[in-house]
Every structure is written in structure tokens, then in C-alpha cells.
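Structure assessment
These are the residues of each chain, in order.
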Amino acid sequence: MTSTKAGSAVCDCDNPDDCTHKIDVTLGDKTFSYEQLFPFPATLYYVVPKPEDKADKPKIPIKLSAISKGCISHNPNCPIGNLSGENGMPVAQFSPNKPYAGELVYSKKISDFSLMENSPIVILQRFLSRDFGSHIEEERFYVRADECSGKPLIDKKYKLADKILTATIGNKAILGSDIHLVLNEKQEFNVAIGASEEIEKLTDEQRRQQQKETNRNNGMRHKGSQGWRRNTKPYEVRNSLTIEGKITAEKGTETRSWSKELEFEFKKGKKKLGPIDTAIDSIGKFNDLLAFGNDQDKFRVINLDLIYPLINISGSYELTHSDKYKLFYKYNADITATPLVGLELRADVIQIFAAYFKVNKLVAKIREKGEELEQEVKQGKNGAFYGAQLDLILSGDLSVMFGWESDDKGEWSFKKDAVLETGFGIRAETNIRGGVRYYAINGYFDASAQIAAKVLVALESTEKSMELVLYHDGIQASASVKYGVGIKTKKSDDEIDNDGELNHEDEPIEKDWIFQDPLPKEKSTYRISLG
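Residues numbered from 1 in each chain as written. Predicted model: local features only at pLDDT ≥ 70, side-chain atom pairs only at ≥ 80, totals over all residues. Heavy atoms only, no water.

**Looking at helix α1 (residues 120-128)**
What counts here: For the exposure calls, accessible area comes from a 1.4 Å probe over protein chains only, and a residue counts as buried if that area is under 20% of its type's maximum, exposed if over 50%, partly exposed in between. To qualify as a helix, a DSSP run of H or I must reach at least 4 residues; to qualify as a strand, a run of E must reach at least 2; elements of each kind are numbered from the N terminus.
Taken across its nine residues, α1 has eight buried, putting it largely inside the fold. Of the positions making up α1, those classed as buried are Pro 120, Ile 121, Val 122, Ile 123, Leu 124, Arg 126, Phe 127 and Leu 128. With its phi angle positive at about 55°, Arg 130 sits one or two positions after the end of α1.

**What to know about helix α2 (residues 204-217)**
Test applied: By this rule, a helix spans an expected 1.5 Å times one less than how many residues it contains. Each C-beta atom gives one direction from the helix axis, and the arc is the one those directions make. Throughout, a residue-residue contact means that at least one pair of heavy atoms, one from each residue, lies within 4.5 Å.
Between its first and last C-alpha, α2 extends 20 Å over 14 residues, near the 20 Å set by a 1.5 Å rise per residue. Inspection of α2 places Arg 207, Gln 211 and Asn 215 among the buried residues, and these make up the whole buried set. Take α2 and look down its axis: the buried residues cluster within an arc of 75°, on one side only. Those residues of α2 that are buried are in contact with α3 (228-231).

**Describing the sheet that holds strand β8 (residues 138-147)**
Two orientations exist for strands paired in a sheet by backbone hydrogen bonds: parallel and antiparallel. What counts here: Each pair of strands is called paired provided DSSP finds at least two bridges between the two strands. To get an axis, a line is fitted to the C-alpha atoms, and for a helix only the part in contact is used. The angle between two axes follows their N-to-C directions and goes from 0 to 180 degrees.
What the five strands build is an open sheet, ordered β3-β11-β8-β5-β6; its pairing is mixed. The sheet terminates laterally at β3 (43-48) and β6 (90-94), the two strands that pair on one side only. Taken pair by pair, the neighbouring strands of this sheet meet at an average axis angle of 20°, ignoring direction.

**Focus on the nonpolar core**
The condition is simple: As used here, the term nonpolar core means buried Ala, Val, Leu, Ile, Met, Phe, Trp, Tyr and Cys residues forming a set that is joined through side-chain atoms within 4.5 Å.
Counting 69 residues, the largest nonpolar core has Leu 340, Trp 404, Phe 424, Ile 426, Ile 451 and Trp 513 as its most contacted members. Ranked by residue count, the leading element in this core is strand β19 (residues 327-348), at nine residues. Not counting residues up to four positions away in its chain, the partners in contact with Trp 404 are Phe 127, Leu 128, Arg 130, Tyr 331, Asn 332, Ala 333, Ile 335, Trp 412, Ser 413, Phe 414 and Lys 415.

**Digging into the environment of Gly 284**
In this structure, Gly 284 sits in helix α5 (residues 274-291). As for Gly 284 and Tyr 526, which are separated by 242 residues in sequence, their C-alpha atoms are 9.8 Å apart.

**Re the packing of aromatic side chains**
Rules: Two rings from Phe, Tyr or Trp (for Trp, the six-membered ring) form a pair when their centres sit within 6.5 Å of each other. Planes less than 30 degrees apart are called stacked, planes more than 60 degrees apart edge-to-face, and all others tilted. Geometrically, a lysine NZ or arginine CZ counts as sitting over a ring once it is within 6 Å of the ring centre and also within 35 degrees of the ring normal.
Inspection of the entire model under this criterion finds 12 aromatic pairs. Measuring from centroid to centroid gives 6.5 Å for Phe 32 and Phe 40, while their planes differ by 75°, and the two rings are edge-to-face. Each member of the pair, Phe 32 as well as Phe 40, carries the same accessibility label: buried. Every member of this aromatic cluster is reached through a ring pair, and the members are Phe 127, Phe 132, Phe 189, Tyr 317, Tyr 329, Tyr 331, Trp 404, Trp 412 and Phe 414. The lysine or arginine in question, Lys 30, covers the ring of Phe 32, its NZ or CZ lying 5.5 Å from the ring centre. In this structure, Arg 130 is placed above the aromatic ring of Trp 412, and the distance from its NZ or CZ to the ring centre is 3.8 Å.

**Let's talk about the pattern of salt bridges**
In plain terms, the rule: Throughout this description, the term salt bridge denotes a Lys or Arg side-chain nitrogen within 4 Å of a carboxyl oxygen of Asp or Glu.
According to the stated counting rule, one finds 11 salt bridges in the structure shown. The salt bridge partner of Glu 86 is Arg 140, with a shortest N-O separation of 3.8 Å. Of the two residues, Glu 86 sits in the loop between β5 (80-84) and β6 while Arg 140 sits in strand β8, which places them 54 residues apart along the sequence.

**Section: the sheet that holds strand β2 (residues 30-34)**
Strand order in the open sheet made by the four strands is β2-β1-β4-β7, with antiparallel pairing throughout. Across the chains shown, the open sheet's two edge strands, defined by having one partner strand only, are β2 and β7 (100-105). For this sheet, the mean inter-axis angle between neighbouring strands, taken without regard to orientation, is 20°.

**What about unusual backbone geometry?**
Glycine aside, negative phi is the norm for most residues, and most peptide bonds take the trans geometry. The omega torsion of the bond from Cys 78 to Pro 79 falls at 5°, within 30 degrees of zero and hence cis. A cis amide bond links Thr 338 to the next residue, Pro 339, at an omega of 0°. Examined against the element boundaries, Pro 339 turns out to sit in strand β19. For Arg 130, which is not glycine, the phi torsion reads 55° and is therefore positive. Along the chain, the position of Arg 130 falls in the loop between α1 and β8. In this model, Tyr 325 sits at a positive phi of 60°, which is unusual for a non-glycine residue. Tracing the backbone shows Tyr 325 in the loop between β18 (310-321) and β19.

**Looking at the confidence of the model for the chain**
Here is the rule we go by: Confidence scores labelled pLDDT are given residue by residue by the predictor and lie between 0 and 100.
Looking at the chain, the pLDDT average stands at 76 and 72% of residues meet or exceed 70. Considering each helix and strand of the chain separately, the mean pLDDT is smallest for strand β28 (residues 496-497), with a value of 40, and largest for β7, with 94. Below a pLDDT of 50 lies the segment residues 1-14, which in the model reaches 34 contacts outside its immediate sequence neighbourhood of four places, other chains included.

Put into C-alpha cells, the structure is as follows:
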């Protein structure tokens, strides 16, 4: 297509516009021009700045003009253009004879910072989840330009309650574009989130009750507490999070800062916050990693001590438009967790150990009767003495620094300079000396185990994801086991034959105990997402 100079109207296949040389739309300080060889944007976004006087409404200057080639009908108002509001009512008109210069005014009621929709914790939650598009407020306008196509222009009337508005339109539309007037938004964050959680160890009975209630709620009352070991956790984290710092937000004509109010809103809000959820969820990841490949009934977490996470969040967000008047979000964040998680997790694994050395029945009997009859043993009665213990202990802390940022097109990615500091050691604590003297069984068990292993954590990231990967080079112990058992023969309800001599090993069995085979980083499914 070609376009000729104004005043030289030509109509042929290469020049379909009969009358139009150019349409100019100027928003703020930038002009967009319609010409036949250059497409005009179907949508323009303009983020209106905050007015200096809070009593004023947000607005921007607009200029509209049309230049004719020389109308084939010799109509001085062709091409004709119209500006209408969101309700379709005429706002202004422009033509070659009469350009328009005025303002686009944001006339809608501006929502304030209601504590339900825009509380500081809700704003922080959206920022951490990069949810910037769901609460944008805007008002739409529409620019249209027509030609006569050799016919008279048409007056179209719009009836309002107290007046009638008229818009003159043509027979052939050549331009139509939406203008979105968007309320300005800015946010700044500088907060520190800590935790003073209490870790409550749950008894087996409490876990059974939890599972019983879950089964009942799922319509499986007949199953009682079935599945409690598999489906319940041996500990419960009671959140008592704290927050301090400052959050500042600007929207439309209003700016508000929260500092002293943060703690109240934080405790009241009960909102999910990515880094805090990651810290708490990671505890379960470490637990699952240690228990992998072993019978859950034999892997019991007996104690969990936490180093409470301290997470610093700083960053900013601004809603803006590009040179081409496309909407985009400009933001950056830096998150430092020192630590993200720090813990000492103590797991009772003696039954796994005993099964490996094929003495699990004896150890189970020692422990079972020891728990029931420890006091009787001390008094010299039939019972058991209890000291059969092997605890696997994982301890350490994980500190991480990461963040994300947007480019000049509004596309975001994780920052390249993420830093990870970690060290989780695994050791064993043994007191594996036990004996039982209970009716027809007389036995003992004596063992030791030394473990020196480490859970490694790698940081893997792409532009849109960042994960911590847990892996290890294998967990094994150098173990020594010595045991013996004697069983008395029961002749009748009242008679038991002799004392039952102990059959025992003269020398302890010494060999490696493979608790877990190596778990390579590439095969690990134990991953903690950072966002």
C-alpha cells in the first residue's frame, strides 16, 4: 500500500484509504501515527502518575488530529475521529479542520487500602508470589477514525438523563484503538521475618487419634487409626512468627506505610508466605530423605530441635508502561535466609539396624518389655532392662541468598548471584546394651555403630525456577554386634524346664551396616522450591 501527499487523493488497489493521509494520537509526550504502511496499536496502556495535589484526579494530556489527502467528497471534516469513554458515550471529536487537545481523566472511584484487599501482609504475599496483575485498576477509552467513502457523514445521537450527545461517524472505519488509563502502583519492602515456633513431639496415641479423625472425616470410620504411622508426622510445628520493618505502598492518590502495624496484621492474616512455607516444608524433606527405603514403622523421629529461620526481604515493585505503551511490571527482590532451616533431627533406627543383623525379634522384645517392666527389673523381678538405643542424628543449617528481577520488557528471572551455604552432618549415638529376663526368654544384645556421613545440598536454577536439591554419597556405619538368647522349655502351665542356657557369640560380628545407598543429585526427588 502507498499513501500520497495531502491534497492529492487517489483511489486504486494500492491505495485503499480514500481520504486519510495520517491520524495522530498523542498521549503524554509520545505520538502514535496511523498511516497505511504502518499498523496502529490495537491497545495502548498508560500508567497515570500520582497527582501532586491529592484532591486532583489522575489524568494525562491527550491530542488527536487528522490529516486528509483531499476527501473524495470534498468534506473538510473527513476523516472524522471520535473519542469515547468506557460506557461508550462520546467524549470528544476531531477532524482535519478541528484537532482535539484535552485530558483523559481517571474518573472512577479509587479504592483505598482496605485491610481486607490491600493489607500490608496481603501486599507482601502478592509480591513474593509475583502476583501483580490481579488487582490492577484501570479505566478504558476508545479512539475511532472513519472515512466517508464518498457518502455523507452520519450523526449518531446518545441520550443521557439530562442531555443528548452527538457523535459524527463515517461509513468506513479505518482505525480503532483502546486506551487503558491505569492507576499508578508502587511498593517498597524492607522486612525481617523470624520465628519462635514451638516444636511439639506427638505421642503415638496422639498420632493414632489424628488418623482416626482423618479416616472418620473421609468416610472410613471402620478403619479406626489404620495408617497412622504412614500418614501422620511425629512432630507438629506451632507457628509463632514475628515480623518487623517497613512496607510502603502507593496507589492512585494515596500513599501508606506500615511499620508498627505489621506484627498485628501478620498474626491476624494467616497468609501463606513463600520463604516461611519453604522453611517449614523443608523439615519434612529432610525427614523423608533419611527414612527413604526403610520401613516407616521402624523409623521414628524422637526429637526435633530447630534453629528458627530469620528471613530478610527487601525489594520494590512499580507498575509502568514501555515506550510502546505496553504494560509491564518493574520489580526486584533480595531474600536472605540465615538460616532457611537449621535443625537437629534425632531418629530412632534401632529396629532397622536389628533387622539388618537379623536380631530384630530379640531387640523388639527387649524394648517392648523394657518399656512395660523397667521398674520391676530394678526390683529384681522378671522383666527387662532397657538400654537398647541407636539414634541417627542429622544436624546443621542451611543459609541461602537469592532473588529475582525484571528487565525493561517486564520479563523476570532469578538473579544470577544466588549464594548457598550449608552443612548437614549425620552421626550416630548408641547405647545398644539390653537384656531381657521375661518368663521363658533370657537374652542380651550388645552393639555399637559409628556413622560419619553428610547430606549435601545443591542449588539448581533456570530463569524461572530455583530449587535446593538434597542428596548424599551414602549412609553407612561401621558396626559391631554381640548377642545371645536362651529359651526355657515350658512343660506345663506350672513347670518350666531349667534356666535355659544362653547361646551367644564368643566374638562380636563386625561389618558395615548400609543404611542407605548413595543418592546422586541427578536422581534425587527431594527438592525444595525457592519460588
